[in-house]
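Each chain, written out:
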Amino acid sequence: MRFLSKIVFICNCCFLIAVGFRYLSLNSAKPISKEALGFNSLLSTIVIVGYGAILLNFIYLMICLFRKLKNKSIESPNWVVFSGIVILILQLYYFLCCR
């Protein structure tokens, strides 16, 4: 459970970076090309991991919910679970409303 929470946290951070980069590239006066930045493969990896985070985040939070309903301990810090809930709401808003 702790390993999954770490993976989900990293994926959620990649999601925030990917959305932030998309926002910056859409709102800049001059379009930013990925090749000009010099880290095309790194940015592509961050986008893929970040956009896949919604599935991992949902699975992680469902596992946390089931463990909480069965009165078992969640072996993750509370702030990781709380940040996962907040970021899942942001992910749902982004994928359902902003695309």
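Structure: see above.
What counts as what
Residues numbered from 1 in each chain as written. Predicted model: local features only at pLDDT ≥ 70, side-chain atom pairs only at ≥ 80, totals over all residues. Heavy atoms only, no water. Phe/Tyr/Trp six-rings, centres within 6.5 Å; stacked < 30°, edge-to-face > 60°. Helix = DSSP H or I, 4+ residues; strand = E, 2+ residues; numbered from the N terminus. Salt bridge = Lys/Arg side-chain N within 4 Å of Asp/Glu carboxyl O. Buried < 20%, exposed > 50% of the residue type's maximum accessible area, 1.4 Å probe, protein only. Core = buried A, V, L, I, M, F, W, Y, C linked by side-chain atoms within 4.5 Å. Axes fitted to C-alpha atoms, helices over the stretch in contact; angles between N-to-C directions. Parallel < 35°, antiparallel > 145°, perpendicular 65-115°, else oblique. Left-handed = near helix turned anticlockwise from the far one by under 90°. Contact = heavy atoms within 4.5 Å. Nonpolar A, V, L, I, M, F, W, Y, C, P; charged D, E, K, R; others polar.

Notes on the packing of aromatic side chains
Geometry of an aromatic ring pair is reported as the spacing of the ring centres plus the angle between the planes. Evaluation of the coordinates by the stated rule reveals 6 aromatic pairs. Ring centres 5.5 Å apart and planes at 80 degrees place the aromatic pair Tyr51 and Phe95 in the edge-to-face group. Taken together, the positions of Tyr51 in helix H3 (residues 40-51) and Phe95 in helix H5 (residues 78-97) put the pair 44 residues apart, joining distant regions of the chain. Considering the side-chain rings of Tyr94 and Phe95, the 5.2 Å spacing of their centres and the 75 degrees angle between planes classify their relative orientation as edge-to-face. Ring pairing ties together the aromatic residues Phe15, Tyr51, Tyr94 and Phe95, which thus form one cluster.

Here we look at the pattern of salt bridges
A complete count under the given rule lists 1 salt bridge for this structure. Between Glu75 and Arg67 there is a salt bridge, with the nearest N and O atoms lying 4.0 Å from each other. Classification of Arg67 by relative accessible area gives partly exposed; the value is 24%.

Comments concerning the nonpolar core
Among soluble globular proteins, nonpolar side chains are generally buried collectively. Counting residues in hydrophobic clusters, the biggest one holds 7 residues: Val8, Tyr60, Leu61, Cys64, Val80, Val81 and Leu88. Among the secondary structure elements, those contributing two or more residues to this core are helix H4 (53-69) and H5.

Notes on the packing of H4 against H5
Close contact between H4 and H5 brings their axes to 10 Å; oriented N to C, the two are set at 135 degrees. Between H4 and H5, the angle falls in the class oblique. Between H4 and H5 lies a crossing of left-handed hand. The residues of H5 that touch H4, namely those facing Ala53, Ile54, Asn57, Phe58, Tyr60, Leu61 and Cys64, are Val80, Val81, Gly84, Ile85, Ile87, Leu88, Gln91, Leu92 and Phe95. Class assignment of the residues belonging to the contact of H4 with H5 gives a composition of 13 nonpolar, 3 polar and no charged.

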